[in-house]
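Tertiary structure, described
What follows is the residue order along each chain.
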Amino acid sequence: MGQLNAGIVPVTPFQQNCTILFDMDDRNGVVVDPGGDVDQILSVLKDNAITAGAIWITHGHIDHAGGAMDLKDALGIDIIGPHAADKLLLDNLENQGSRYGIAGVRNCVPDRFLAEGDTVSFGNHTFEVLHCPGHAPGHVVYYNRAAKFAHVGDVLFRGSVGRTDLPGGDHAALIASIKEKLLPLGDDIGFICGHGPGSRFGDERRTNPFLT
Ligand SMILES: [Zn+2]
Ligand SMILES: [Zn+2]
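Numbering of residues starts from 1 in every chain and runs along the sequence as written. Chains and ligands are labelled by the order in which they are written, letters from A for the one and numbers from 1 for the other. For a predicted model such as this one, the threshold for reporting local features is a pLDDT of at least 70, and the threshold for listing and counting side-chain atom pairs is 80 or more; totals across whole chains, interfaces and linings nevertheless cover every residue. By convention in this description, side-chain values take in all heavy atoms of the structure and omit both hydrogens and water.

**Remarks on the coordination of the zinc ion (ligand 2)**
- Coordinating donors are taken as N, O and S atoms within 2.8 Å of the metal, stretched to 3.2 Å for Na, K and Ca; because water is absent from the atoms, sites can appear incomplete. Within the protein, the atoms that donate to the zinc ion (ligand 2) are Asp63 (OD), His64 (NE2), Asp154 (OD) and His195 (NE2), at distances of 2.1 to 2.3 Å.
- Considering all four donor atoms around the zinc ion (ligand 2), angles at the metal cover 87 to 160° and the coordination shape is irregular.
- Each donor residue of the zinc ion (ligand 2) lies on the same chain, and together they follow the pattern D-H-x89-D-x40-H. Each label reflects the angles at the metal, where four donors whose angles all fall between 85 and 135 degrees are tetrahedral, four or six donors whose opposite pairs open beyond 155 degrees and whose other angles stay between 65 and 115 are square planar or octahedral respectively, and the rest are irregular.

**Describing the packing of aromatic side chains**
- Here is the rule: rings of Phe, Tyr and Trp (six-membered ring for Trp) pair when centre to centre is within 6.5 Å. Planes less than 30 degrees apart are stacked, more than 60 are edge-to-face, and the remainder are tilted. Within the structure shown, the criterion is met by six aromatic pairs.
- Taking 6.0 Å as the distance between ring centres and 50° as the angle between the ring planes, the aromatic pair formed by tryptophan 56 and phenylalanine 122 counts as tilted. Of the two residues, tryptophan 56 is situated in strand 4 (residues 51-56) and phenylalanine 122 in strand 7 (residues 119-122); the sequence distance between them amounts to 66 residues.
- Using a 1.4 Å probe on the protein chains alone, a residue whose accessible area is under 20% of its type maximum counts as buried, one over 50% counts as exposed, and one in between counts as partly exposed. With a relative accessible area of 1%, tryptophan 56 lands in the buried category.
- One aromatic cluster is present, built from ring pairs that chain together Trp56, Phe122, Phe127 and Tyr142. By the criteria applied, helices consist of DSSP H or I runs no shorter than four residues and strands consist of E runs no shorter than two, each listed in order from the N terminus.

**Looking at the side chain of glutamine 16**
- Position of glutamine 16 relative to the elements: it lies in strand 2 (residues 16-23).
- Judged by its relative accessible area of 0%, glutamine 16 falls in the buried class.
- Under this definition, polar contacts are N or O atom pairs within 3.5 Å; protein pairs additionally need one hydrogen-donor-capable and one acceptor-capable atom, and for neighbouring residues in sequence, both atoms have to be side-chain atoms. Polar side-chain contacts of glutamine 16 include one of 2.9 Å to the backbone oxygen of aspartate 33.
- Aside from chain neighbours lying at most four places away, what touches glutamine 16 is Val9, Pro10, Val11, Asp33, Gly35, Asp63, His64, Gly194 and His195. In this analysis, two residues are considered to be in contact whenever any of their non-hydrogen atoms come within 4.5 Å of each other.

**Notes on the sheet that holds strand 10 (residues 149-151)**
- An order of 7-8-9-10-13-14 is seen for the six strands of this open sheet, with the pairing classed as mixed. Strands at the two margins of the open sheet, each flanked by one partner only, are strand 7 and strand 14 (199-200).
- Strands are treated as partners if at least two bridges between them are detected by DSSP. Two elements, strand 9 (residues 140-144) and strand 10, share three bridges in a ladder whose sense is antiparallel. The residue bridging tyrosine 142 from the neighbouring strand is histidine 151, located in strand 10.

**What about the pattern of salt bridges?**
- Salt bridge, as applied in this entry: a Lys or Arg side-chain nitrogen positioned within 4 Å of an Asp or Glu carboxyl oxygen. Using the criterion set out here, one finds 11 salt bridges in the structure.
- Lysine 87 is the partner of aspartate 91 in a salt bridge, and the nearest nitrogen-oxygen pair spans 2.8 Å.
- With a relative accessible area of 34%, aspartate 91 lands in the partly exposed category.
- Taking the relative accessible area as the measure of exposure, lysine 87 reaches 43% and is therefore partly exposed.
- Notably, a salt bridge pairs aspartate 188 with lysine 148, separated by 3.2 Å at the nearest N-O pair. Of this pair, aspartate 188 sits in the loop between helix 6 (171-182) and strand 13 (190-192) while lysine 148 is found in the loop between strand 9 and strand 10, placing the two residues 40 residues apart along the sequence.
- Take aspartate 188: its relative accessible area is 35%, and that puts it in the partly exposed class.
- Exposure remark for lysine 148: the relative accessible area of 42% places this residue in the partly exposed category.
- Residues joined in a network through salt bridges with shared partners are Asp187, Asp203, Arg205 and Arg206.

The analysis is restricted to geometry; functional conclusions fall outside its scope.
Printed below as a string of C-alpha cells:
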C-alpha cells in the first residue's frame with residue numbers, strides 16, 4: 001500500500017469540493033461528497049485509473065449528497081455516512097433541488113449511517129469518524145491519524161466556518177465541534193474542506209476570526 005492522495009473535482013453551482021481519496025500505489029479509493037456533475041466525477045476516475053470502492057458523505061446538503069445515488073448506481077458501490085441526524089435533509093434533497101433550481105437531484109438513502117467513534121477505511125487507510133454538528137445536525141468529519149489529514153466538509157474553512165442559518169444549524173454547536181473535537185487533534189493536521197482551499201488546524205486556531 002502506498003501513500004494517501006486526494007484529488008478535488010469542483011461540482012454543482014456551489015463549487016463544492018467533491019474529493020477523491022485514493023492510494024497512490026493500487027489506485028483504489030473513495031469519493032467523498034459527490035454533490036452532482038456525476039459524469040464529470042466518473043471521467044476523472046476513469047482518466048486517472050482510480051477505482052472507487054465507496055461513497056462517503058459528510059452531511060446532507062444538496063451540494064454534497066445530491067449526486068450520490070447516481071454515482072452509486074453507476075459504480076455499484078455503497079453510500080456511507082453521514083450521521084443519521086441528517087436523514088431529514090437527505091430525504092428532502094429533491095425539494096432542495098427545486099428550491100435552488102438544480103435538476104436531476106435525487107433523495108439520498110445511505111447504505112450505512114455513521115456515529116462518533118466509528119471507523120471507515122479503504123486498503124490500509126483508516127479514517128476515524130467524528131460527529132461534528134452545527135452546520136448540519138448529522139455532519140461527520142473523516143480523520144486519518146496516520147496521514148495527519150482530515151476531510152472536514154462544511155464545518156471549517158480557511159478563514160471561516162460553516163454557515164448555521166440553514167435548517168438544523170446551530171452556531172454554538174458548530175464552534176464547540178471545532179474547538180472540542182477538531183483543534184485538539186493537533187496544529188499539524190492538514191484538511192480539505194467543502195468549498196475553497198484547505199488549510200491546517202494550527203493556522204485556523206491562530207488566525208481564523210471565528211475561533212479567536
Ligand atoms: Zn453544507
Ligand atoms: Zn457545501
